[in-house]
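# Summary of the model geometry
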Amino acid sequence: MKIFLPLLLILLTISCYQHNEILHVRTFFIMGSEFEYKLYCKNKSRCEKAVRESQERLNEIDYLFSNYREDSVLAGVNRNAATGPVTVPTEFIYLTQQSIDYSELTKGAFDISVGKLFELWKKSSKTNQVPEKSQIESALKCTGYKKIRLNKVNNTVSFDSDCLELDYGAIGKGYAVDEVVKIVKSHGIKKGLINFSGNIYALDKQTGEKGWEVGINDPFSNSSVIDFINIDNLGVATSGDYEKYFLINGKRYSHIIDPGTGYPVENLSSVTVLADSATKADALATAFSVMGREKTEEFAGINNVRGVMIIDGDRSNYEVYKSPGFKSVQEAD
Ligand code: ADP
Ligand code: MG
């Protein structure tokens with residue numbers, strides 16, 4: 001009997017794990033932002049393996065698109081694509097083409113070629129001086145997604161401009177989330193939520209639950225939540241000026257630039273988008289911040305956007321707009 005007792009305990013443990021999935025939560029910092037996994041796994045090691053593999057993938061994405069690293073593929077492109085074609089990995093071409101497609105779709109509101117303008121405003125927040133009109137005009141000449149040339153046969157990027165600079169800040173995190181989702185699914189994990197600093201993809205919900213509860217940050221109050229949604233198999237992103245902004249002469253300027261005027265966007269305090277992928281939600285949340293409420297409502301109706309919530313105005317006077325798709329993920333079962 002003594003001999004069989006440990007064996008029995010082991011068997012009990014295994015059967016318990018087989019019938020109950022364990023919620024595995026992991027958080028770490030990468031690319032200067034918090035990355036969070038909530039995954040249901042039959043055993044801990046499966047979850048851990050998926051997390052480890054996806055961390056390697058995130059490092060690869062960082063190496064391709066980071067604008068903080070001198071050695072990234074992006075840094076090489078920004079340095080050399082004005083003088084001739086730069087050979088890049090296929091993945092770089094892929095996300096650049098996707099970005100150009102979002103520019104076309106949003107009539108230029110989303111534009112990864114805002115790099116020069118973004119740098120100008122960033123520098124202005126350091127010198128505490130709003131840029132001169134002439135500086136905006138010269139940076140505008142260095143902007144425009146139509147000046148990006150992709151050669152998909154030779155895998156090269158070149159610029160029809162001597163000063164264009166690309167910036168994947170408005171799409172890269174959403175893309176990273178979708179890539180991690182692919183890895184998680186490839187490990188047989190079906191239920192979970194991936195959150196990269198507000199760029200989210202919710203996989204299947206836990207049996208019997210309404211969905212993954214996601215809080216939408218209150219743009220007027222640090223660390224509190226203004227609303228909740230319950231989602232599964234859906235991407236979400238929120239763009240706003242409450243976390244990242246430029247402070248110049250005591251005034252807050254959004255970190256989202258209107259590529260048409262060269263000035264930071266005003267009025268919309270936050271835009272939350274629901275879409276089939278985290279990449280799409282990320283790109284559209286930025287684009288809608290530029291387009292403003294009216295154009296966004298029109299766009300969302302025509303293009304079957306899954307849901308939009310806009311907080312329009314400032315702390316003292318604001319309105320909340322929710323599209324029918326957005327309301328539907330808030331209604332009780
Ligand atoms: P967050 O970084 O808070 O998730 P966004 O997804 O809206 O916010 O991305 C904003 C970033 O994208 C900016 O910090 C800048 O790097 C870049 N950017 C600014 N304006 C635009 C624009 N109109 N189109 C594309 N990228 C932009
Ligand atoms: Mg975005």
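So, here is what we can say about the structure in this document. All of these numbers come straight from a predicted model, not from anything done at the bench.

### Looking at the pairing of strand β5 (residues 156-159)
Burial of the side chains of β5 extends over both faces: T156 and S158 are buried on one face and V157 and F159 on the other. As paired elements, strand β3 (residues 86-87) and β5 share 2 bridges and run antiparallel to each other. Residue pairing across strands places T87 opposite T156, the latter belonging to β5. In terms of strand pairing, strand β4 (residues 148-151) meets β5 through 4 bridges, oriented antiparallel. By the bridge assignment for β5, R149 is matched with S158. The turn joining β4 and β5, which pair antiparallel and follow one another in sequence, is formed by 4 residues; a positive phi near 55° is taken by N155.

### Focus on the packing of helix α2 (residues 44-65) against helix α7 (residues 172-186)
Two elements in contact, α2 and α7, have axes whose closest approach is 9 Å; the angle formed by their N-to-C orientations is 150°. Classified by the angle between their axes, α2 and α7 sit roughly antiparallel to one another. Seen along the crossing, α2 lies across α7 with a hand that is right-handed. Counted together, A50, E53, S54, R57, L58, I61 and F65 of α2 and Y175, A176, E179, V180, I183 and V184 of α7 form the full contact between these two elements. In terms of residue class, the contact of α2 with α7 is built from 9 nonpolar, 1 polar and 3 charged.

### Things to note about α7
Here α7 spans 21 Å end to end across 15 residues, near enough to the 21 Å set by a 1.5 Å rise per residue. Along α7, the positions that sit buried rather than exposed are G172, K173, G174, Y175, A176, V177, D178, E179, V180, V181, I183 and V184. G188, located one to two residues past α7, shows a positive phi value of around 80°.

### Focus: the site of ligand 1
Close contacts around ligand 1 come from 18 residues, with D167, S239, K244, I257 and T286 the closest. In this structure, an oxygen atom belonging to ligand 1 sits 3.2 Å away from a main-chain N or O atom of A170. Measuring from an oxygen atom of ligand 1, one finds a side-chain N or O atom of H255 at 3.0 Å. Here the shell around ligand 1 gets 3 residues from one element, more than from any other, and that element is helix α8 (residues 278-302). Residues belonging to the shell around ligand 1 are distributed by class as follows: 9 nonpolar, 4 polar and 5 charged.

### Quick look at the sheet that holds strand β2 (residues 33-41)
Pairing in this open sheet of 8 strands is antiparallel, and the strands run β1-β2-β6-β7-β10-β13-β14-β15 from one edge to the other. Either end of the sheet is taken by a strand with one partner, and the two such strands are β1 (22-30) and β15 (317-322). Pairs of neighbouring strands in the sheet enclose a mean axial angle of 10°, with direction left out of account. Examined bridge by bridge, β2 and strand β6 (residues 192-196) share 5 bridges and lie antiparallel to one another. When the bridges of β6 are listed, E36 appears paired with N195. In this fold α8 packs onto β7 (199-202), β10 (234-240), β13 (268-275), β14 (307-314) and β15, with an angle of close to 120° to the strand it touches most, β13.

### So, the coordination of the magnesium ion (ligand 2)
Taken together, A170 (O), D282 (O), D282 (OD) and T286 (OG1) make up the protein donors of the magnesium ion (ligand 2), found 2.0 to 2.5 Å from the metal. Donor residues binding the magnesium ion (ligand 2) come from one chain and are separated in sequence as A-x111-D-x3-T. Residue A170 is found in the loop between β5 and α7, and its partner T286 is found in helix α8; the two are separated by 116 residues along the sequence.

### Topic: the pattern of salt bridges
Per the stated rule, a full pass over the model turns up 17 salt bridges. One salt bridge connects R293 with D312, and the closest N-O pair in it is separated by 3.8 Å. Placement of the pair is R293 in helix α8 and D312 in strand β14, with a sequence separation of 19 residues. Under the relative-accessibility criterion, R293 is labelled partly exposed at 25%.

The rules behind the values
Residues numbered from 1 in each chain as written. Chains lettered and ligands numbered in written order. Predicted model: local features only at pLDDT ≥ 70, side-chain atom pairs only at ≥ 80, totals over all residues. Heavy atoms only, no water. Buried < 20%, exposed > 50% of the residue type's maximum accessible area, 1.4 Å probe, protein only. Helix = DSSP H or I, 4+ residues; strand = E, 2+ residues; numbered from the N terminus. Pairing = 2+ DSSP bridges. Axes fitted to C-alpha atoms, helices over the stretch in contact; angles between N-to-C directions. Parallel < 35°, antiparallel > 145°, perpendicular 65-115°, else oblique. Left-handed = near helix turned anticlockwise from the far one by under 90°. Contact = heavy atoms within 4.5 Å. Nonpolar A, V, L, I, M, F, W, Y, C, P; charged D, E, K, R; others polar. Expected span 1.5 Å × (residues − 1). Near = heavy atom within 4 Å. Polar contact = N/O pair within 3.5 Å; in protein donor to acceptor, adjacent residues only side chain to side chain. Donors = N, O, S within 2.8 Å, 3.2 Å for Na, K, Ca; no water. Salt bridge = Lys/Arg side-chain N within 4 Å of Asp/Glu carboxyl O.

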